[in-house]
Amino acid sequence: MFPAPVPTRLLAAVGLVVSVAACSSAPTAGTPDTFSVWDPYPQFTAESEWVRTIEKCGAEAGVKIQRQAYDTTDLTSKVLLAAQQRTAPHVLVVDNPVVSTLVEAGVLKPNSEAGLDAGQVSPNLVAAGTVDGQTYGVPIGANTLALYYNKAVLAGAGVDPASVKDWESLNAALAKVKAAGKKGITFSAIGTEEGSFQFLPWFWGAGASLTDLPSGRAALELWKSWLDNGYAPNSVVGNTQTTSWQEFATGEYAFAENGTWQLGNAKKAGFEYGVIPIPGRTGGTAPAPTGGEFVTVPVQDNKDTEAKAGRIASCLTAPDKVLAADTALTYISAVPSVQQQQVSAQPELAVWVEAVKNAKGRTGDNLGTRYPRISQPLWGAVQAALTGAKAPEAALRDAQASVK
Amino acid sequence: MTSWRTPVGVLLTAVMLFPVYWMINVSLTPMSDMRKPPSLIPVNPTTEGYERVLREQVPYLGTSLLVAAGTVVLTLVLAAPAAYSLAKLRPAGRRALGFVLLVAQMIPGIIMALGFYGIYVKLGITNTVWGLILADSTIAVPFAVLILTSFMASVPDEVLQAATIDGAGPWRSFVSIVLPASRNGVVTAALFAFLWAWSDFLFAATLDSGGRLQPLTLGIYRYIGNNNQEWNSIMATAVVASVPATVLIVVAQRFVAAGVTSGAVKD
Amino acid sequence: MRSRLAGWAFLVPLVAYLAVCYAYPLFTNVDLSIRGYTVRSFVSGGAPLVGFANYATVFGDPTFRTALLNTVLFTVISLFFQYTIGLAAALFFARGFRLSATLRALFLVPWLLPLIVSASTWAWLLNSESGLVNAALKVVGLGPVNWLTSPEWSLVSVTIANIWIGIPFNLVVLYSGLQNISRDVYEASALDGASGWQTFWHVTFPLLRPVSAITLLLGLVYTLKVFDVIWIMTKGGPSGSSTTLATWSYELGFGNVLPRFGPSAAVGNVLILIAVVAGLLYIRVQRRQELS
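Computed from a predicted model, the values in this text were never measured in an experiment. (Residues numbered from 1 in each chain as written. Chains lettered and ligands numbered in written order. Predicted model: local features only at pLDDT ≥ 70, side-chain atom pairs only at ≥ 80, totals over all residues.)

Quick look at the overall build of chain B
Now for step 1: Summing up its helical and strand segments, chain B has 13 helices and 0 strands in all.
Now for step 2: For chain B, the sequential pattern of α-helices and β-strands runs α-α-α-α-α-α-α-α-α-α-α-α-α.
Now for step 3: In terms of overall dimensions, chain B has C-alpha extents of about 75 × 65 × 30 Å along its principal axes.
Now for step 4: The long-range share in chain B, meaning contacts at least 24 apart out of those at least 6 apart in sequence, stands at 79%. (Helix = DSSP H or I, 4+ residues; strand = E, 2+ residues; numbered from the N terminus. Contact = placed C-beta atoms within 7 Å.)

Notes on the domain arrangement of chain A
All names here are of chain A.
Now for step 1: Taken domain by domain, chain A comprises domain 1 (31-139 + 293-330) and domain 2 (145-289 + 366-402).
Now for step 2: Its C-alpha centre places domain 1 at a distance of 32 Å from the equivalent point of domain 2.
Now for step 3: The interface of domain 1 with domain 2 comprises 6 residues on the first partner and 7 residues on the second.
Now for step 4: For the side of domain 1 that touches domain 2, a count of residues per class yields 2 nonpolar, 3 polar and 1 charged. (Domains from an automatic or database assignment. Nonpolar A, V, L, I, M, F, W, Y, C, P; charged D, E, K, R; others polar.)

Considerations on the environment of C:Pro114
Now for step 1: Following the sequence through the fold, C:Pro114 ends up in the loop between helix H6 (109-112) and helix H7 (115-126).
Now for step 2: The exposure class assigned to C:Pro114 is buried, which follows from the 23 C-beta atoms found within 10 Å.
Now for step 3: Residues C:Pro114 and C:Leu271, 157 residues apart in the sequence, show an inter-C-alpha distance of 24 Å.
Now for step 4: Leave out the neighbours within four places in its chain, and C:Pro114 touches B:Ser199, B:Phe201, B:Thr217, B:Ile220 and B:Ala238. (Buried ≥ 20, exposed ≤ 12 C-beta atoms within 10 Å, placed from the backbone.)

Considering the domain arrangement of chain B
Residue and element names in this part refer to chain B.
Now for step 1: You can read the domains of chain B as domain 1 (1-46) and domain 2 (57-266).
Now for step 2: Summarising the inter-unit geometry, the C-alpha centres of domain 1 and domain 2 are found 30 Å apart.
Now for step 3: Between domain 1 and domain 2, the contact holds 7 residues from the first and 6 residues from the second.
Now for step 4: Here the side of domain 1 that touches domain 2 is composed, by residue class, of 4 nonpolar, 3 polar and no charged.

So, the sheet that holds strand S6 (residues 138-139) of chain A
All names here are of chain A.
Now for step 1: The strand order S2-S1-S3-S11-S6 describes an open sheet built from 5 strands, whose pairing is mixed. Strands at the two margins of the open sheet, each flanked by one partner only, are strand S2 (64-69) and S6.
Now for step 2: Taken together, the 2 bridges between strand S1 (residues 34-39) and strand S3 (residues 91-95) define a ladder with parallel strand orientation. Each residue of the ladder has a partner; that of Trp38, found in S3, is Leu92.
Now for step 3: Packed onto the sheet, helix H4 (residues 96-104) meets S3, S6 and strand S11 (293-296) and runs at close to 120° relative to S3. (Pairing = 2+ DSSP bridges. Axes fitted to C-alpha atoms, helices over the stretch in contact; angles between N-to-C directions.)

Points about the UniProt feature "transmembrane region" (unreviewed entry) in chain B
Now for step 1: The UniProt record annotates "transmembrane region" (unreviewed entry) at residues 7-24, 60-84, 96-120, 132-153, 174-198 and 231-252 of chain B.
Now for step 2: Helix makes up 100% of residues 231-252 of chain B and strand 0%, with an end-to-end C-alpha separation of 31 Å. (UniProt positions renumbered as here; feature names shortened; annotations may be inferred.)

Right, dumping it as structure tokens:
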């Protein structure tokens, strides 16, 4: 018989594993000679310009670089776990709304201590990385949303794109397009952060504030009316931004709400396109949310390591280096002087530079980690209203009630 | 007599595999046509996706094979003796163990992955192929034990008693009687261990995303960017990934079929 | 005495393996669910014990009832169709015929595909604007159905996709089970003049019961856990209409910029509990069978 011994032995075995693990995790003193850089760009291979830039910056700091690319949705949990095991990367490139969460977790070094400087960057873009007066990291570039339009479809419906100045004129344009037998507009209202990202230009364009969701009622009613009138397809409820783009790429749609990153695909679409800013409710350009990543320096056990990591991060965001990365990502630079270079090289970027200037960080207004708590009920309300489960006003009121 | 079964079988298989066909269809469709009204065959086929995949992904195939084969071996080595014990030697506490196996399978994959990550980082074995094999085996081992137990249970006790009288110890009974008699179960367990390891993404992404040797499922993530997914390349990767595995399974199934009939003759 | 020792000797590798590979994740999941983790304490430690507060949060959330109901519907309907279709196919293939081995192998192809691909393909087929299913409905004169984007249909759609994914598993296991039934039994039944249906109902089905039970039990465990298929196709939406406990757990822990580890782990543990209950039921049934 094997009464007691087996469990005891098992416990001993487990204990052994745990204690071995504990011993080997003792922090190593001194500065390593290889620095790790994590980014959310798995599309860039070892031969890409981006990876070469990282290696160049490592060489300038006198260290070797080990770069790892993760899917962007995995990166947050990966960094939290690594920080828990005290193996956070030395330099981290991370999506801007995540920065405040990582600051809250105590994972990131403020710029003042890491030797980073975001002084050259437009203030509206730095906002996402600013928590309690301290800035964490430097944006590598920015993207945002605007309206792509199909020239042939608009011409066929007798719509002049320049006439779209506010919601009323946009609705009039959509009605003409529908009357001409084409499809109106496609966007993404999926039940994830992407859905909130796409809804925000309309929400902010209605003059609403994220601290008072029912104030954005007009925006949600606008979207709902598009579905009810057949201006927008029902598939928007499940569309990601890619799916929505594919719909626009069929050439059947007049407008698509989509981002800077689609410019490369737009050229391949096989029809003439143009871009206009998203109009505010009563005119002007609506503030669209900023997208794009921050280059940050996570906390290490050693000050020298952090300083060296700071040098690599500064190098990655230096104006002469960042242009290549922004070009590869089709981002707009966060630095006004580099934006000028981009526009003179590619005049069609002018409208995007304008859009980025008007853009707003989602976690700005000192919302920080309150933003995710608001964003989730918000996309829920959008879905509830668009599927007809709730009236727009009630949906937003319920959403506000569930924000804690 | 059996002639009607072949056409019906072909028809059923065609229905079952229709979504797979659709995947192939999408892999050949250019971006601008993807959301057009659907057509049963790609109208303007593009091989863009395949060109990229063949250029970029082929080295990953070998890793996937290695990981899947390693998982099969590890799974069977752990599960077969245990199943034999549970089914035939019936030690005390076997019900509790069966129960633990069931609960073990219920731990969400993501929690398993996080647990492994914590341990692997401490031991410094992230980004290794055998670390991935060990993790992948956790999907298959509980299943293999349970399924092998139910197969081995159907080996008649009389046969084993006869062997014991002839002086065979438990090990010899296991190797020369129970294991061959439950070959179908062994092949089933091996097949699923292979398939799970082959298509695993979660463990690979968590434990091996910085490794030199990466499985094919991670290759797909090259085509899923922050805001953009290149569907023809994604689908092309899946097609390329499933071809060698399909061939392997078809061959294995023929082998199984042969084994089954010869086993039946022996009975 | 000796055989008991031998019995445990054969089990030692497995038990050690279970302890090393599963104990820590299981411990983590329980620990996460009874502490008030924030992102800060997740990284630096020192989260306070909060007992059942996370469970209270979860049970008090209106999503819980929807998710539980959806989980039950999703699981029961998936299991029923996966099993019946899988068994029908296994019986069909059990009589060898030309190409049968090859066709049976091809049935497994859905299992080879990464879930992100198979689930996306289903989402493609069921898309309300450009999906093939709606195009086919139009051909036969029916209006389009918003398969994935209406609260009435989303759960049906993900269930259909999940049934498709689960058929190969049932087919393979049940087919192997059929092969293990001795030919003599069928011959005896045929000699008694039993019809095909009678043979199936009175001979095949009862003999297949142990394999059926384990297939259904494993199917239950796997189906309870399914999250990728639903997550990829609908994200649990629109507005929660296809949320199950598994997707909800994922959504709480990883579907948002700010993870809520505690409630996420609590939902995960509720799922584990459901599986435990199913396991207990199985063991009771098994014991009764052994006794009879």
